[in-house]
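So the chains spell out like this:
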Amino acid sequence: MAATNPVLEVTNLSISFGGLRAVDDFSVTINEGELYGLIGPNGAGKTTAFNLLTGVYKPNEGIIRLCGEDITGRSTIDINKAGIARTFQNIRLFKDLSVLDNVKAGLHNIYTYSTMSSILRLPKYYKVEKEMTAKAMELLKVFDLDSSASLKASQLPYGKQRKLEIARALATNPKLLLLDEPAAGMNPNETKELMDTISFIRKEFKMTILLIEHDMKLVSGICERLTVLNFGRILAEGSTSEVLNNPDVITAYLGE
Amino acid sequence: MKDFINKNKDNLITYGIVIIAYIVLELLMSLGLISSLMTGLLVPLCAYIILAVSLNITVGILGELSLGHAGFMCVGAFTSAFFSKCTVNVITVEWIRFTIAILIGFLCAGVIGFLIGMPVLRLKGDYLAIVTLAFGEIIKNVMNVLYIGRDSKGFHFSTKDAVALGLEESGEIIVNGAQGITGTPKSSNFTVGVVLILITLFIVLNLIKSRDGRAVMAIRDNVIAAESVGINITKYKLLAFSISAALAGVAGVLYSHNLSSLMATPKNFGYNMSIMILVFVVLGGIGNIRGSIISAVILTLLPELLRGLSNLRMLIYAIVLIAMMLFSWSPKAKDFRDKTVATLLFWKKDNTVKGGSDNGSN
Ligand SMILES: Nc1ncnc2c1ncn2[C@@H]1O[C@H](COP(=O)(O)OP(=O)(O)O)[C@@H](O)[C@H]1O
Ligand SMILES: [Mg+2]
């Protein structure tokens, strides 16, 4: 890979909950267009790392840079505006909104009009809403959800809810997409299909993706580089084949 | 996109129901078929409908609990009545004076809502319920000890008694403590009430189906996810709550300009009133605007309609309450309602086929 621009640079990130160092001295650099894997056994601190990157928790130490800009300590909202979007390990959809409106909520800061325009139904309202609907339908199509657009999000089957969450995150037009165990709870067919979709959006949207996965076999198929976390610390990092043959990694996983 | 059009049609049905009910009632009144007791209830009923619809923004759309909605009504009622009484000889065109009064009630209640919401809505948990409950009681008690008079030197305030105002002989007392405001011009009537209901519906329904409404409902459904897509939580919570309060203020304006003497009693602006409005919202279905209107109408008029059956009155009232609860909340009844609306809109087939195929595919 030639001189690429790092999208995400994390240095020495740490956080403690009471005495527990949930993430300890975590560093990673992810380049533009990369699909990077973050793996590790349950409780290793993967989700906590995501919560740090998205401002849900403030780190005790460390720096987070997005495209060179220091975003450490900013609020979740500002970090999303700066360009990080995520999904959740436990699905968090707007369950009483329609599938379409879930994605439109993701477009909230991309297409705007005033409260007055909506109350008085000014032409701007119709124009922008139409654009939003078109854009949202385009995203839903990528995930094969366009035929379910008018259903409530909670009416979708589990696998489709996971996809909808990704569509909603993509709607915010991120520079970096964080996926927290997107295949959790899916059957092998659904998982395969999802991994294909992830590869597809990476190419189609030229998206940089950081993917948490519990199952390392699954990651090996699509990520070039990986970091393995164990008890909050980096156990190994590097190219996928290198990492997966690392004896420490094998022990950590077999020990699980 | 189908859905987009249908939702708009759905709103039209709501406006239609209000307008048709208005025409029918006007006809019945002109034929003398409605008792004067019922006629007297019509303006308060309009105020209750506006209150229920506005509270539904806080409870149903924002998903927060407010136990002091009558307090905002109280703010709207007193500020506007104060204005109207002061300007009755200055602004002689009634509709202009009343329009300004409505705007004043709207703004004052909205600003108070904003000020209360600002510290409270930042907190997680049911703090809003507690604070609004306290606010409702405080505002009512403040109105009971507030004296305002006017003479050639300007306005005089006191919280002691009317004498303490030290008015000149030519001066007049405008707000007279527990006796409240007397002699507010009687600008409200049923037609004005219905117009205000329609305006309220217009604001609320348009807001719900917009970028702002979506943001508010996203917050209601999942705060963490809403933050993760960059929605400003405090801003949208405050927006929804302030508008809810402001519209309650409008209900207060309507209410106060229907009374020759406006007093803050536990019955009209106290806790009981706040709870009654909440009951309208809950029984009509939380988040269901049309349901709020219907339950406000039924629960306000029913006791009057049943007056003749003195013994059975409370029994029937209770049965109706239970029936409404079942009708708004049981999943089957919800299905039935959705289907009825769908049939009305001629899109039943389209929708059920979609839903069915989706469930089948997994
Ligand atoms: N808010 C919190 N308070 C206390 N402990 C936490 C909190 N969040 C996570 N932890 C702890 O941090 C560790 C890492 O959790 P997590 O990041 O969810 O693991 P993973 O996603 O890798 O399975 C766990 O031991 C968990 O109990
Ligand atoms: Mg996790």
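Residues numbered from 1 in each chain as written. Chains lettered and ligands numbered in written order. Predicted model: local features only at pLDDT ≥ 70, side-chain atom pairs only at ≥ 80, totals over all residues. Heavy atoms only, no water.

J.: A description of the layout of surface pockets should follow, citing residues and the corresponding values.
T.: Empty space left among the atoms is revealed by rolling a probe the size of a water molecule over them. All names here are of chain B. Each pocket or cavity is described by its volume, and for the second largest pocket that value is around 520 Å³. Lining of the second largest pocket is provided by 21 residues; of these, L41, Y48, Y255, K267 and M276 occupy positions nearest its centre. Elements that contribute at least two residues to the lining of the second largest pocket include exactly α2 (36-61), α10 (266-269), α11 (271-284) and α12 (289-305). The element contributing the most residues to the lining of the second largest pocket is α11, with five residues. Residues of the lining of the second largest pocket, tallied by class, amount to 13 nonpolar, six polar and two charged. (1 Å grid on protein atoms, 1.4 Å probe; cavity = no way out; pocket = protein on both sides within 12 Å on 5 of 7 lines; lining within 4 Å. Points joined across faces, edges and corners; volume = space filled by probe spheres on them. Helix = DSSP H or I, 4+ residues; strand = E, 2+ residues; numbered from the N terminus. Nonpolar A, V, L, I, M, F, W, Y, C, P; charged D, E, K, R; others polar.)

J.: Pulling in residues and values, what's your account of the coordination of the magnesium ion (ligand 2)?
T.: Residues and elements named next belong to chain A. Around the magnesium ion (ligand 2), the protein contributes the donor atoms T47 (OG1) and Q89 (OE1), which lie 2.0 to 2.1 Å from the metal centre. Taken together, the positions of T47 in helix α1 (residues 46-53) and Q89 in the loop between β6 (84-86) and α3 (99-106) put the pair 42 residues apart, joining distant regions of the chain. Of the residues examined, T47 reaches a relative accessible area of 26% and is grouped as partly exposed. (Donors = N, O, S within 2.8 Å, 3.2 Å for Na, K, Ca; no water. Buried < 20%, exposed > 50% of the residue type's maximum accessible area, 1.4 Å probe, protein only.)

J.: So what's going on with empty space enclosed by the protein? Residues and values would help.
T.: Residues and elements named next belong to chain B. Taken as a whole and judged by the stated rule, the model has two cavities of 30 Å³ or more. The space that makes up the largest cavity amounts to roughly 90 Å³. If you go around the largest cavity, the residues you meet are I57, I61, V204, L207, I208, D212, G213, V216, L239 and A240. Elements supplying a minimum of two residues to the lining of the largest cavity: α2, α6 (190-208), α7 (211-221) and α9 (233-256). Its residues placed into classes, the lining of the largest cavity shows eight nonpolar, one polar and one charged.

J.: Could you give an account of the nonpolar core, naming the residues involved and the relevant values?
T.: Counting 102 residues, the largest nonpolar core has F94 of chain A together with L51, F72, F78, L201, I231 and F269 of chain B as its most contacted members. In terms of residue count, the dominant contributor to this core is α2 of chain B (17 residues). Apart from the residues within four sequence positions on either side, L51 of chain B is in contact with H69, M73, A248, A251, M273 and I277 of chain B. Counting 50 residues, the second largest nonpolar core, distinct from the first, contains A136, L139, I166 and L179 of chain A. (Core = buried A, V, L, I, M, F, W, Y, C linked by side-chain atoms within 4.5 Å. Contact = heavy atoms within 4.5 Å.)

J.: Summarise the sheet that holds strand β8 (residues 208-213) of chain A; cite the residues concerned and give the values.
T.: Residue and element names in this part refer to chain A. If you walk across this open sheet you meet the six strands as β6-β7-β8-β3-β9-β10, and the pairing is mixed. Because the sheet does not close on itself, it has two edges, and the strands there are β6 and β10 (233-239). Strand-to-strand, the axes of this sheet are offset by a mean angle of 20°, without reference to chain direction. Seen against the sheet, helix α6 (residues 158-171) touches β6 and β7 (176-180) and runs at an angle of roughly 160° to β7. Against the sheet, helix α7 (residues 188-204) touches β3 (35-39), β7 and β8, its axis set at about 160° to β8. (Pairing = 2+ DSSP bridges. Axes fitted to C-alpha atoms, helices over the stretch in contact; angles between N-to-C directions.)

J.: Run through unusual backbone geometry, naming residues and quoting values.
T.: Residue and element names in this part refer to chain A. Look at N12: it is not a glycine, yet its phi comes out positive at around 50°. Structurally, N12 can be placed in strand β1 (residues 6-17). Despite not being glycine, C67 shows a phi value in the positive range, around 50°. Relative to the assigned elements, C67 resides in the loop between β4 (61-66) and β5 (69-70).

J.: How would you explain the domain arrangement of chain B if you had to name every residue and give the values?
T.: Along its sequence, chain B is organised into domain 1 (43-290) and domain 2 (306-352). Taking the mean C-alpha position of each, domain 1 of chain B and domain 2 of chain B sit 30 Å from one another. (Domains from an automatic or database assignment.)

J.: Report on the interface of chain B and chain A, specifying residues and quantitative values.
T.: Many authors give the size of an interface as the accessible area that is lost as the parts come together. Contacts between the two partners involve 38 residues from chain B and, on the opposite side, 41 residues from chain A. Counting the surface lost from both chain B and chain A, the interface buries some 3500 Å², and carbon and sulfur atoms represent 56% of this. Among the salt bridges present, the one from D101 of chain A reaches R214 of chain B, with a minimum N-O distance of 3.6 Å. Here chain B and chain A share 16 residue pairs in polar contact (both at pLDDT 80 or more) between them. (Buried area = accessible area lost by both parts, 1.4 Å probe. Salt bridge = Lys/Arg side-chain N within 4 Å of Asp/Glu carboxyl O. Polar contact = N/O pair within 3.5 Å; in protein donor to acceptor, adjacent residues only side chain to side chain.)

J.: Please provide a residue-by-residue account of the side chain of K85 of chain B, values included.
T.: Tracing the backbone shows K85 of chain B in helix α3 (residues 69-87). Filtering out sequence-adjacent residues up to four positions away, K85 of chain B remains in contact with E172, I173, I174, I181, T182, G183 and P185 of chain B.

J.: So what's going on with the pairing of strand β1 (residues 147-151) of chain B? Which residues, and what values?
T.: All names here are of chain B. For β1, a buried count of four out of five residues is recorded, marking the element as mostly surrounded by other parts of the structure. Here β1 runs beside strand β2 (residues 154-158); their pairing, made up of five bridges, is antiparallel. Bridge assignment links D151 to a residue of β2, and that residue is G154. Connecting β1 to the antiparallel partner β2 that follows it, the hairpin turn spans two residues.

J.: Please provide a residue-by-residue account of a nonpolar patch on the surface, values included.
T.: A contiguous nonpolar patch, built from I20, V24, L28, L31 and L33 of chain B and spanning about 480 Å² of accessible area, is present on the exposed surface. Inspection of the secondary structure puts L31 of chain B in the loop between α1 (2-30) and α2. (Patch = residues over 30% accessible without salt bridge, like charges linked within 9 Å, V, L, I, M, F, W, Y side chains within 5 Å. Areas by Shrake-Rupley, 256 points an atom, 1.4 Å probe, with all protein chains shown as cover.)

J.: Tell me about the site of ligand 1, and name the residues and values.
T.: All names here are of chain A. Taken together, F17, L20, A22, P41, N42, G43, A44, G45, K46, T47, T48 and Y57 make up the full set of residues near ligand 1. Here an oxygen atom of ligand 1 and a backbone polar atom of A44 are 3.2 Å apart. Between T48 and ligand 1, the recorded distance is 2.6 Å, taken from a side-chain N or O atom to an oxygen atom. Taken by itself ligand 1 offers 560 Å² of open surface, and the protein chains cover 63% of this. Looking at the shell around ligand 1, the elements that each hand over two or more residues are β2 (20-31) and α1. (Near = heavy atom within 4 Å.)

J.: An account of the side chain of S295 of chain B is requested, with residue identities and associated values reported.
T.: Examined against the element boundaries, S295 of chain B turns out to sit in helix α12. Of the polar contacts made by the side chain of S295 of chain B, one reaches the backbone oxygen of F280 of chain B; its length is 2.6 Å.

J.: Account for the domain arrangement of chain A, naming residues and giving values.
T.: Residue and element names in this part refer to chain A. Along its sequence, chain A is organised into domain 1 (1-83 + 174-256) and domain 2 (94-171). Between the C-alpha centres of domain 1 and domain 2 there is a distance of 27 Å. Contact residues are listed per partner, giving 18 residues for domain 1 and eleven residues for domain 2. Interface of domain 1 and domain 2: buried area, both sides summed, is about 1200 Å²; carbon and sulfur atoms make up 74% of it. Scanning the region where domain 1 abuts domain 2 turns up one salt bridge. Residue E193 is joined to K163 by a salt bridge in which the shortest nitrogen-to-oxygen separation is 2.6 Å. Joining domain 1 to domain 2, the criterion identifies four residue pairs in polar contact (both at pLDDT 80 or more). Where the side of domain 1 that touches domain 2 is concerned, the elements lending two or more residues are β7 and α7. For the side of domain 1 that touches domain 2, the leading source of residues is α7, giving six residues.

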